[in-house]
Amino acid sequence: MSSSASTSTDTASSEAVSEVAGGSENGGRKRPKPGERRVQILQALATMLEQPGAERVTTAALAARLAVSEAALYRHFASKAQMFEGLIEFIEQSVFGLVNQLGEREPDPIQRSRKLVGLLLQFGEKNPGMARVMVGDALVFENERLQQRMNLFFDKIEAALRQNLREVAVLSSAATPTVDAQADASVVTAFCMGRLQRFARSGFKRSPNESLEHSLRLLLPDGRL
């Protein structure tokens, strides 16, 4: 995340990430508590997606990783698409929970926008498997509704940026604040998507936060107000 982001937001992000994407499984063989197996399945799926150049994850490979039968997986999820929906739901709840915190805690619309970009890219970097889901690489050949849901996710990111940047445009007495905000939000969202895609397709070698402060000074300069 950019250095201007608040410590509380960093902490919240780290706590959210550890909930599902920690990548660790129970060492013992005791019977999981209700709901615990679902979390283990999602952890395993996220971990398998973190392998650079990984092929499409099959339920057979996922079951083998967990040392259970495929039938055992389907006792907790009706389909593999439902498993991916579990990961997408975690992405949505984590990111938009942090975006809502920014709306409550950061009064400056430029800083709010800069921090939104930072938290989104930091989330992707801390969760490489989920970054592949976010940019659609992990959803190729999966149910079409999964990609549509991720498209909607970025539409909401763009809407949050647009709201912030319209506020900037109004404060700076722009002639067309709504049009300006829409154009600017589209560019910033495309930048975020591009950084996450480069991260995923580089085998997680190119950090999405690379030279982020420099990029943000170009995209969201402080002197706009």
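Below is a short write-up of the structure. (Residues numbered from 1 in each chain as written. Predicted model: local features only at pLDDT ≥ 70, side-chain atom pairs only at ≥ 80, totals over all residues. Heavy atoms only, no water.)

Here's the deal with the packing of helix α9 (residues 177–201) against helix α10 (residues 212–219)
Operational definition: Every axis corresponds to a line fitted to the C-alpha atoms, with the helix fit spanning only the stretch in contact, and the corresponding angles, defined between N-to-C directions, vary from 0 to 180 degrees. Counting from the N terminus, the helices are the DSSP runs of H or I reaching at least four residues and the strands are the DSSP runs of E reaching at least two. Orientation categories follow fixed angle ranges, with anything under 35 degrees roughly parallel, anything over 145 roughly antiparallel, 65 to 115 roughly perpendicular, and all other angles oblique. The sense of a crossing depends on the near helix, which, turned anticlockwise from the far helix by less than a right angle, makes the crossing left-handed and, turned clockwise, makes it right-handed. By definition, residues are in contact when any of their heavy atoms lie within 4.5 Å. Nonpolar residues are Ala, Val, Leu, Ile, Met, Phe, Trp, Tyr, Cys and Pro. Charged residues are Asp, Glu, Lys and Arg, and all others, Gly as well, are polar.
Interaxial distance between α9 and α10 falls to 11 Å at its minimum, and their mutual angle equals 160°. The orientation of α9 relative to α10 falls into the category roughly antiparallel. Considering only the axes of α9 and α10, their crossing is right-handed. Residue-level inspection shows Val 187, Val 188, Phe 191 and Arg 195 of α9 in contact with α10, the latter providing Leu 212, Ser 215 and Leu 219. Tallied by class, residues from the contact of α9 with α10 come to five nonpolar, one polar and one charged.

A few points about the pattern of salt bridges
Pairing is possible between side chains that carry opposite charge, provided their charged atoms lie close to one another. For clarity, the threshold we go by: Put simply, a salt bridge is a Lys or Arg side-chain nitrogen that is within 4 Å of an Asp or Glu carboxyl oxygen. Only protein chains enter the accessibility calculation, which uses a 1.4 Å probe; a residue is then buried when its area is under 20% of its type maximum, exposed when over 50%, and partly exposed in between.
As enumerated under the stated definition, the model contains 10 salt bridges in all. Notably, a salt bridge pairs Lys 80 with Glu 142, separated by 2.9 Å at the nearest N-O pair. With Lys 80 in helix α5 (residues 80–105) and Glu 142 in the loop between α7 (128–134) and α8 (144–171), this pair connects stretches of sequence that are 62 residues apart. Both residues of the pair, Lys 80 and Glu 142, belong to the buried class. Across the salt bridge formed by Arg 112 and Glu 167, the nearest N and O atoms sit 3.3 Å from each other. Of this pair, Arg 112 sits in helix α6 (residues 109–126) while Glu 167 sits in helix α8, and the two are 55 residues apart along the sequence. Among the residues examined, Arg 112 registers a relative accessible area of 11% and is labelled buried.

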